[in-house]
Amino acid sequence: MNHLLTIKDLTQQQLLDLLSLAKTIKANPQDYAQALAGKSVVMLFEKPSLRTRVSFDIGINKLGGHALYLDQQNGALGKREPVSDFASNISCWADAIVARTFAHSTIEQLAQHGSVPVINALSDMYHPCQGLADFLTLAEHFDDVSKVKLAYVGDGNNVTHSLMYGAALLGAKMTVVCPLGHFPDGQVVCEAQALAKQHGGELILTSDVEAMGEQDAIYTDTWLSMGDNTPMEQIEAKFKPYQVNESLMQQTGANLFMHCLPAYREVEATAAVIDGEGSLILQQAENRMHAQNAVLVTLLG
Ligand code: CP
Ligand code: NVA
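Residues numbered from 1 in each chain as written. Chains lettered and ligands numbered in written order. Predicted model: local features only at pLDDT ≥ 70, side-chain atom pairs only at ≥ 80, totals over all residues. Heavy atoms only, no water.

**Student:** How would you sum up the packing of helix α1 (residues 12-27) against helix α6 (residues 158-170)? Please name residues and give values.
**Tutor:** Viewed as axis vectors pointing N to C, α1 and α6 meet at an angle of 105 degrees, and their least axial separation amounts to 9 Å. Compared by their axis directions, α1 and α6 come out roughly perpendicular. Contacts between α1 and α6 pair Gln12, Leu15, Leu16 and Leu19 from the former with Gly166, Leu169 and Leu170 from the latter. (Axes fitted to C-alpha atoms, helices over the stretch in contact; angles between N-to-C directions. Helix = DSSP H or I, 4+ residues; strand = E, 2+ residues; numbered from the N terminus. Parallel < 35°, antiparallel > 145°, perpendicular 65-115°, else oblique. Contact = heavy atoms within 4.5 Å.)

The structure is reproduced here in structure tokens:
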């Protein structure tokens, strides 16, 4: 493993190893307090962030390393100088690059032109660190994560893609429910379905909320991702039947609710569900740090 650009690049064993290491680091942080001693990580962010920025910064600190945050006050990546120059220059000083970009190709270019590991902190296509934290969270609730029935309801986006790859690699059953025109990327669906088949999992796509069947956990995300300037009024009516509310939780028998955050209460999910008893949102947020630290230790330790 040289980079973490997307969960698709991992083997099932690498994914299981990362989840297991994340659990170990979470349980025994003192054993990893020097894992990144003397190492520096540059964090390049083209988009806003709370969880990703803070969990990487504090996580790197807990591993004994140093994090340097670069926002885009000098313009977007590639404007003042090419992305390739960013990558080659940062590689002179830093031991890894964490990047949150609009285009996934920017992250690929960083990996191609730099000589240090690159970690995707969200692109338009994928959010692998989120996916890892989410399966770590599920693994804390289910002895065998391959038995989990996970449904994603809402906009087929970067988070959906990473969850689909993760569920497929783990051999779990995942149902993706989106309004017509808002399904996940077709190529990602094909790849994830092939991976699911290979690992004994199942990936079902439907736009029929009524046909979701029994679920253990329901996951949703914002209806408008960063960089999507569609006015909410244009999509609200179309998405309304896909809101995660108590009635949907009851209909599917799902006890657990998941969301990567930030959440918009009474939009993609009701406040009663987001802040309800079965909500895993803060466990997911906490696990971002442990999952990412497992990635950092694997790539740099
Ligand atoms: N879930 C997540 O990535 O949150 P941020 O956008 O705040 O980093
Ligand atoms: N799909 C969302 C995730 C935010 C963490 C976005 O890309 O904005």
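**Student:** I'd like a description of the packing of aromatic side chains, backed by residues and values.
**Tutor:** Under the defined criterion, the tally for this structure stands at four aromatic pairs. For the pair Phe45 and Tyr69, a centre-to-centre distance of 5.4 Å together with 50 degrees between the ring planes defines the contact as tilted. Note that Phe45 is positioned in strand β1 (residues 40-45) and Tyr69 in strand β2 (residues 66-70), a separation of 24 residues in sequence. The exposure class of Phe45 is buried, given its relative accessible area of 1%. Classification of Tyr69 as partly exposed rests on a relative accessible area of 23%. The cationic tip of Arg53 hangs over the ring face of Tyr69; the distance from NZ or CZ to the ring centre is 3.4 Å. (Phe/Tyr/Trp six-rings, centres within 6.5 Å; stacked < 30°, edge-to-face > 60°. Buried < 20%, exposed > 50% of the residue type's maximum accessible area, 1.4 Å probe, protein only. Lys NZ or Arg CZ within 6 Å of the ring centre and 35° of its normal.)

**Student:** Break down the nonpolar core for me, citing the residues and quoting the values.
**Tutor:** With 65 residues, the main nonpolar core has Phe56, Ile119, Leu150, Met174 and Leu296 as its most contacted residues. Among the elements that make up this core, the one with the highest residue count is α6 (eight residues). If sequence neighbours within four positions are ignored, Leu296 has contacts with Leu36, Val41, Phe56, Ile60, Leu63, Ile119 and Gly301. Residues Val177, Ala254, Phe257 and Ile281 belong to the second largest nonpolar core, which totals 18 residues. (Core = buried A, V, L, I, M, F, W, Y, C linked by side-chain atoms within 4.5 Å.)

**Student:** Describe in detail the pattern of salt bridges, supporting the description with residues and values.
**Tutor:** Pairs can form between side chains of opposite charge whenever their charged atoms are close. Evaluation of the coordinates by the stated rule reveals four salt bridges. Where Glu140 meets Lys26, a salt bridge forms, and the shortest distance between an N and an O atom there is 2.8 Å. Within this pair, whereas Glu140 is found in the loop between α5 (128-139) and β5 (149-153), its partner Lys26 is found in helix α1, the two being separated by 114 residues in sequence. Using a relative accessible area of 32% as the deciding quantity, one classes Glu140 as partly exposed. For Lys26, a relative accessible area of 25% translates into the label partly exposed. (Salt bridge = Lys/Arg side-chain N within 4 Å of Asp/Glu carboxyl O.)

**Student:** Give a detailed account of the side chain of His182, specifying residues and quantitative values.
**Tutor:** With respect to the secondary-structure elements, His182 resides in the loop between β6 (173-177) and α7 (186-198). Side-chain polar atoms of His182 contact the side chain of Lys238, separated by 3.5 Å. Those residues within four positions of His182 in sequence are excluded, and the remaining contacts are Gly154, Asp155, Gly156, Ile235, Lys238 and Phe239. (Polar contact = N/O pair within 3.5 Å; in protein donor to acceptor, adjacent residues only side chain to side chain.)

**Student:** I'd like a rundown of the site of ligand 2, residues and numbers included.
**Tutor:** In the neighbourhood of ligand 2, the contacting residues comprise Leu122, Asn157, Asn158, Val159, Asp221, Thr222, Ser225, Met226 and Leu261. A distance of 2.8 Å separates an oxygen atom of ligand 2 from a polar atom in the backbone of Met226. If ligand 2 stood free it would expose 270 Å²; the protein chains cover 95% of that surface. Partitioning the shell around ligand 2 into residue classes produces four nonpolar, four polar and one charged. (Near = heavy atom within 4 Å. Areas by Shrake-Rupley, 256 points an atom, 1.4 Å probe, with all protein chains shown as cover. Nonpolar A, V, L, I, M, F, W, Y, C, P; charged D, E, K, R; others polar.)

**Student:** Give a description of the side chain of Arg100 that names residues and reports values.
**Tutor:** Looking at where Arg100 falls in the secondary structure, it is placed in strand β3 (residues 96-100). Buried charge Arg100 goes without a salt bridge, the closest partner of opposite sign being Glu46 at 9.4 Å. In this structure the side chain of Arg100 is engaged in a polar contact, spanning 3.0 Å, whose partner is the backbone oxygen of Ala121. (Lys, Arg positive; Asp, Glu negative; His and termini not counted.)

**Student:** I'd like a rundown of the pairing of β1, residues and numbers included.
**Tutor:** Among the six residues of β1, five are classified as buried, and the element is accordingly described as predominantly covered. In this structure, β1 lies alongside β2, joined through five bridges in parallel fashion. For Val42, the partnering residue across the bridge sits in β2 and is Leu68. With helix α2 (residues 51-62) bridging β1 and the parallel β2, this β-α-β connection has right-handed handedness. (Pairing = 2+ DSSP bridges. Right-handed = clockwise from strand over helix to strand, strands pointing away.)

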